[in-house]
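# Examination of the molecular architecture
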Amino acid sequence: MFEFDFEHLEDSGAREGLSITVNGLDGTEYQVWKLQGSTVKELKVSLEELHGIPVFEQRLCLDSRELRDEVSLDLEHSELQLLRSAANEEEWLEKIRQNPFALCEAPVSIKASRDVVREAAAKEVSALAYADEALRGDEEFGHDLVSRDGFALRYLSANLQAKREIVLAAVQSAGSVLRHAGESLKADSEIVLAAVRQDAKALMHADLELLHDTDFTMQAMATNRLVADYLMSLTLDGRRSEEQRAAEEAWETETDLQDSGLPLDRAHSYFQRGKLASLLVIWFLCDAVFLDSRSVDEFDRGHIVGALSFSERSPLLRRLIQQREDLEHTANPVLKQLLRFPHKLVIIIVYSDSGSDDLSLGYISRCVRVTQELRRICRQQPSLGNEKRILRLIGGLNHWKRAGCPVNGDERPLINNHVLYEGGIHGYLNIENDI
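The rules behind each value
- Residues numbered from 1 in each chain as written.
- Predicted model: local features only at pLDDT ≥ 70, side-chain atom pairs only at ≥ 80, totals over all residues.
- Heavy atoms only, no water.
- Pairing = 2+ DSSP bridges.
- Helix = DSSP H or I, 4+ residues; strand = E, 2+ residues; numbered from the N terminus.
- Contact = heavy atoms within 4.5 Å.
- Axes fitted to C-alpha atoms, helices over the stretch in contact; angles between N-to-C directions.
- Core = buried A, V, L, I, M, F, W, Y, C linked by side-chain atoms within 4.5 Å.
- Buried < 20%, exposed > 50% of the residue type's maximum accessible area, 1.4 Å probe, protein only.
- Expected span 1.5 Å × (residues − 1).
- Parallel < 35°, antiparallel > 145°, perpendicular 65-115°, else oblique.
- Left-handed = near helix turned anticlockwise from the far one by under 90°.
- Nonpolar A, V, L, I, M, F, W, Y, C, P; charged D, E, K, R; others polar.

Per an unreviewed UniProt entry, the chain is named Rhodanese domain-containing protein, and its organism is Durusdinium trenchii.

### Topic: the pairing of strand E5 (residues 79-84)
Where strand E1 (residues 17-24) meets E5, four bridges bridge the pair, whose relative direction is parallel. Residue pairing for E5: Asn23 is matched across the bridge by Gln81. One ladder, built from four bridges, connects strand E3 (residues 58-62) with E5; its direction is antiparallel. Considered in E5, the bridge of Cys61 is made with Gln81.

### So, the sheet that holds E5
Taken in spatial order, the five strands line up as E2-E1-E5-E3-E4 in an open sheet, and their pairing is mixed. Of all strands in the sheet, those bounded by a partner on one side alone are strand E2 (29-35) and strand E4 (65-66). Pairing of E3 with E4 involves two bridges; the strand directions are antiparallel. The residue of E4 that forms the bridge with Leu62 is Arg65. The sheet contacts of helix H2 (residues 40-51) involve E1, E2, E3 and E5, and relative to E2 the element is tilted by about 130°.

### A short note on the nonpolar core
One broad trend across soluble globular proteins is that nonpolar side chains are buried collectively. Counting residues in each nonpolar core, the largest one holds 54 residues, and the members touching the most others are Leu103, Leu128, Val146, Leu153, Val171, Val192 and Leu203. When contributions to this core are tallied by element, the ones reaching two or more residues are helix H3 (89-98), helix H5 (114-123), helix H6 (139-148), helix H8 (164-171), helix H9 (189-198), helix H10 (208-211) and helix H11 (214-223). If near-sequence neighbours (up to four positions away) are discounted, Leu153 is found in contact with Val146, Gln161, Ile166, Val167, Ala170, Val177, His180 and Ala181.

### A few points about H2
The α-helix advances 3.6 residues per turn, and as a result positions three or four apart in sequence lie on the same side. The end-to-end C-alpha separation of H2 is 16 Å, in line with the 16 Å expected for 12 residues at 1.5 Å each. Within H2 the residues assigned to the buried category are Val40, Leu43, Lys44, Ser46, Leu47 and Glu48. Where H2 is buried, its residues meet E1, E2, E3 and E5.

### Structural notes on the packing of H5 against H6
Two elements in contact, H5 and H6, have axes separated by 11 Å at closest approach and are oriented at 25°. With respect to their mutual orientation, H5 and H6 come out roughly parallel. Considering how the two elements wind past one another, H5 and H6 form a crossing that is right-handed. Only Phe141, Asp144, Leu145 and Arg148 of H6 make contact with H5, whose side of the interface consists of Arg114, Val117, Arg118 and Ala121. Taken together, the residues that form the contact of H5 with H6 break down as four nonpolar, no polar and four charged.

Below you can see the structure in the form of C-alpha cells.
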C-alpha cells in the first residue's frame, strides 16, 4: 500500500537530521525537523504544511539577518526568527488575474478585499465560493456582483438571495438563477417576467400558482415568444406538473447517490485485485477502471496509479450524452472495456478531489456529475451494460492520498489544483466531506 524510495533513503542516510525552532514575534514556537542541507525554501514549505503559515508571508531571520530561500540549513540555523509580512493586495490581484481560484490560498484579509474578490468573480464567478463569508453577505457588494454577472447570486448568502432588489438585478442578466432565489420571490410576477425575458426556461423555477394564472402566462408569452413552446411542452409531456417531474428526478438522483458511493477500503481492494490480475493474467478476477473526472491539468499534476483522464468537460462525454458516439468503432479504452464485457463485473470507479453529494446546497462534485451521466448513458444504451457498476470514490483522491494509497505525482491534498487547507471549499460552502 505504501511505496518507498529506497535509493533516496540510502542517499539521505549520510545526512544528519536537524531540529529547528522557529520563534514568532507573538512568542509562538514552531518545531520543524529537516535534513541538514535542506534549503530555507523547503523549511518555509514545511511551515506552511504543518502550521498553515503561507510561504509568501514568511521572512526567516538569523540574528536579525533575513535568510535567502536558497541558503542551505546547518547547525547554526537550529533557532530562527519568523517575521510575517502583511498580505500585498497588488500582488494578489496579479495572482487572481492569472488564476481566480488562487483565492482559495489567500489570507483572510485578501478574501475580504472587495477589489480582489471582484476581480476573481470577473474571471470565474464560481471563485466567489472562496470569498469571505461576511463579504458574500454584504448587500451593497452583492448587488454590485449580480449587476455584473447574474450567476453570482448562487454564491451569495441565503439572506441576500431573499433580497428582492438583488434577485431582480441577477435575473435580468441570467434568468436561470431564479432557481437560487428565495421561495417567496419565485412567486413575484415582476421578477419571474424579468427572468423569462432573458430565458424562457426560467419558468420551471417559478411558483406553480403563477403558471395557473392566465393573465400572467399571457404576459410571459408576450415577453418571450419561446414561452408558448415551453408551456406547450408542459402540456404534452404526460400532463405531469413540473413539481412532480422535479420530485422524480430528485428521487433518481438521490438513488444514484445512495448506491453509487464506494468506500475507500473497497476501492483499494479492487485496485489491488486489478494489479494481481494483470501480474498473473487471471481473466476472471473483477476488473476495475479508475476514471479521473478533473481537468487534464489536474490529472497531470497527480492521479491514482493506472487511472484514466475522463473530465466532465471532455467531448467524448458530451457525444455519449447526445448519443452521437459510434460505440461499434470507439477507440476509448473505457468504452471498449464496457462493450467487451457487458455482463462481466467490470467496475468503473470515478473520482475527483474530495467530492460532495449534498444536493441541498446546490453544489456537487465533478465525480458525482460524471457518475450520474455515465449511469444515465448506460440506461439509454444497454450495450454498455449494467449502470450499477459505475461507482464513485467516497472522499475522492484526497482521501486516497491521506490513506497512503499509490498515486502518480503530487501526494498532497489538492482542490482545483491548489494545496487544500483546513476545511477547503467544503468549509467555505459549509459542506461536510463524505469521508
